[in-house]
Each structure stands twice: as C-alpha cells, then as structure tokens.
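# Architecture at a glance
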Amino acid sequence: MKGGARHYVVVFDLEFTAWPGSLASRWTRPGEHTEIVQIGAVKLDAVTLKITGEFECLVRPRVNPLLSQYLADLTGITNAMLDARAVDFITAYRAFLDFVGPAPIWAFGRDDLVFAENLKLYGWDGLPVPPYANAIHWFAEHGIDLKGKHACDVAEAAGAVFEGRKHDALADARGVVAGIRAVVARGAANPFTRTESR
C-alpha cells in the first residue's frame, strides 16, 4: 500500500430466484434464471478487517417476478417485501457499484457470474463487473473445505459464529468476513494485503 492510503475490499453475497431442484439442475430447466432478488455487502478496511460500511438492497426480478414459496422459505424474502421496497436490477447494481467504488470484490463461489448473467439477461452487459476473487480458494489454502457448502456455512466451517438469518445476503456476507477473520486470527496471512484480487 502506497503513501499510507487506506485500502478497502468489499465482500458480498447474492440471493436469486430458485425453485425446488434448481440447484441440482443448475438452473437449466425451461424458464429458470438466477435473477437476483437481494444484494448484501460489507466494506472492510483491508488491513484491520474492520467493517466500515454495509449495503443491502432487494431487487425485483423481471422474467419471474413472483418468488417461489421455496425461495421465500429459504431466504425469508417475500413477494410483499419486494412490493414494498425492491428496485429494478440496474438501479440496485449501480448503487452496488457506487458502494464498491475502486475496491476489489470477494464472495463465496461465483456470484460474479450471477451478476454477469443478470446484466446480459436485462440487456446491460456493457456494464463491468469489478475485479473479483472467489473466497473458496483462499479458505481451501488454509484447510477449510467448503465443498457442498453455502456462504452462510463459512463462518461455522472456519470456527466462527454466524449471526443473523442464513440465506440473507447481508448476514451471509458478514458470515464470510467472520470466517476470514477467524482464519487470519489463527495465523493465516491477510488475503487482502497479500493481493487485492485473484
């Protein structure tokens, strides 16, 4: 880091439309898309790992505007909640980019591809996805096997406490951060000072 400038990283998570069997079929059945319904993110000081800001937004899907009961049960997000406060994807994505600023983004898995799919699905594929790193690789380097797990499982797998509702995007992003902090506290190199993206 140059000249004492503060550097930040954003850890985020997404919730997106799903139905019974979507995960097994990888959303390949007719009419199914991973349309984002919630973005949750935390901004961290890259050195101290302290959370300096949070972002959460509900997003109204266009192709399948009514959420399945399966997704509502999983996430706690209801159609009434979308009616009350969801915004269109492009509004949410631009607000997310404003929150991220020049920071690199990290998530559990390939949520960058979900952003890319939504940008393409809605005709905004000219917009960029910020520099991205998949946290699974870093955890694997430090002996945390997350195969078959979800973002909400990261904290507990790393020996930390998960707080909040599982499959809530903001709580899940916080959980990934808790997992990173736990591994660093046991002596692992801080991944954000080692490199800003992979």
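Residues numbered from 1 in each chain as written. Predicted model: local features only at pLDDT ≥ 70, side-chain atom pairs only at ≥ 80, totals over all residues. Heavy atoms only, no water.

With that out of the way, let us pick up the overall build of the protein. If you tally the helices and strands in the protein, you get nine helices and six strands. For 198 residues, the compact-globule estimate of 2.2 N^0.38 gives 16 Å, and the protein sits close to it at 17 Å. Viewed in the frame of its principal axes, the protein has a C-alpha envelope of about 45 × 35 × 30 Å. Split into buried and exposed, the 198 residues of the protein put 51% on the buried side. For the protein, the separation between the mean place of its 21 positive charges and that of its 23 negative charges on side chains is 4 Å. (Helix = DSSP H or I, 4+ residues; strand = E, 2+ residues; numbered from the N terminus. Rg over C-alpha atoms; globule rule 2.2 N^0.38 Å. Buried < 20%, exposed > 50% of the residue type's maximum accessible area, 1.4 Å probe, protein only. Lys, Arg positive; Asp, Glu negative; His and termini not counted. Charge placed at Lys NZ, Arg CZ, Asp CG, Glu CD.)

Turning to the sheet that holds strand β5 (residues 105–107), a few remarks are in order. Neighbouring strands of a sheet are bound in pairs by backbone hydrogen bonds; such pairs are parallel or else antiparallel. The sheet built from six strands is open, its strands ordered β4-β3-β2-β1-β5-β6 with mixed pairing. The open sheet terminates on both sides in strands that have one partner only, identified here as β4 (87–88) and β6 (132–134). One ladder, built from two bridges, connects strand β1 (residues 8–16) with β5; its direction is parallel. Residue pairing across strands places Val-11 opposite Trp-106, the latter belonging to β5. Packing against the sheet, helix α8 (residues 169–185) makes contact with β1, β2 (36–45) and β3 (51–60), and its axis sits at approximately 35 degrees to β2. (Pairing = 2+ DSSP bridges. Contact = heavy atoms within 4.5 Å. Axes fitted to C-alpha atoms, helices over the stretch in contact; angles between N-to-C directions.)

As a further point, take unusual backbone geometry. In the Ramachandran plot, Leu-49 falls in the positive-phi region, its phi being about 65 degrees despite a non-glycine side chain. Mapped onto the secondary structure, Leu-49 falls in the loop between β2 and β3. We classify Leu-49 as buried; its relative accessible area is 7%. One non-glycine residue, His-167, lies in the positive phi region at around 70 degrees. The residue His-167 is located in the loop between α7 (154–157) and α8 in this model.

Moving on to α8. With 17 residues, α8 should reach 24 Å at 1.5 Å per residue; the first-to-last C-alpha distance of 24 Å fits that figure. Counting buried residues along α8, 13 of its 17 residues qualify, which places the element largely inside the surrounding structure. Where α8 begins, the capping side chain belongs to Asp-168, and its oxygen is found 3.2 Å from the backbone nitrogen of Leu-170. Following α8 by one or two positions, Gly-187 has its phi on the positive side, about 115 degrees. (Expected span 1.5 Å × (residues − 1). Polar contact = N/O pair within 3.5 Å; in protein donor to acceptor, adjacent residues only side chain to side chain.)

Next up on the list: the pattern of salt bridges. With the rule as written, the count across this model stands at eight salt bridges. Of the charged contacts, one joins Lys-166 and Asp-153 as a salt bridge, the two residues approaching to 3.9 Å between their closest N and O atoms. One end of the pair, Lys-166, is in the loop between α7 and α8; the other, Asp-153, is in the loop between α6 (135–141) and α7, and 13 residues separate them in sequence. Exposure remark for Asp-153: the relative accessible area of 18% places this residue in the buried category. Overlapping salt bridges, with partners in common, bring together Asp-153, Glu-156 and Lys-166 in one network. (Salt bridge = Lys/Arg side-chain N within 4 Å of Asp/Glu carboxyl O.)

Over its twelve residues, helix α4 (residues 89–100) extends 16 Å from the first C-alpha to the last, a length consistent with the 16 Å expected when each residue adds 1.5 Å. Here α4 has its buried residues at Phe-89, Ile-90, Ala-92, Tyr-93, Phe-96, Phe-99 and Val-100. Turning to α4, the residues buried within the fold contact β1, β2, β3, β4, β5 and α5 (111–121). Positive phi appears at Gly-101, one or two residues downstream of α4, with a value of about 60 degrees.

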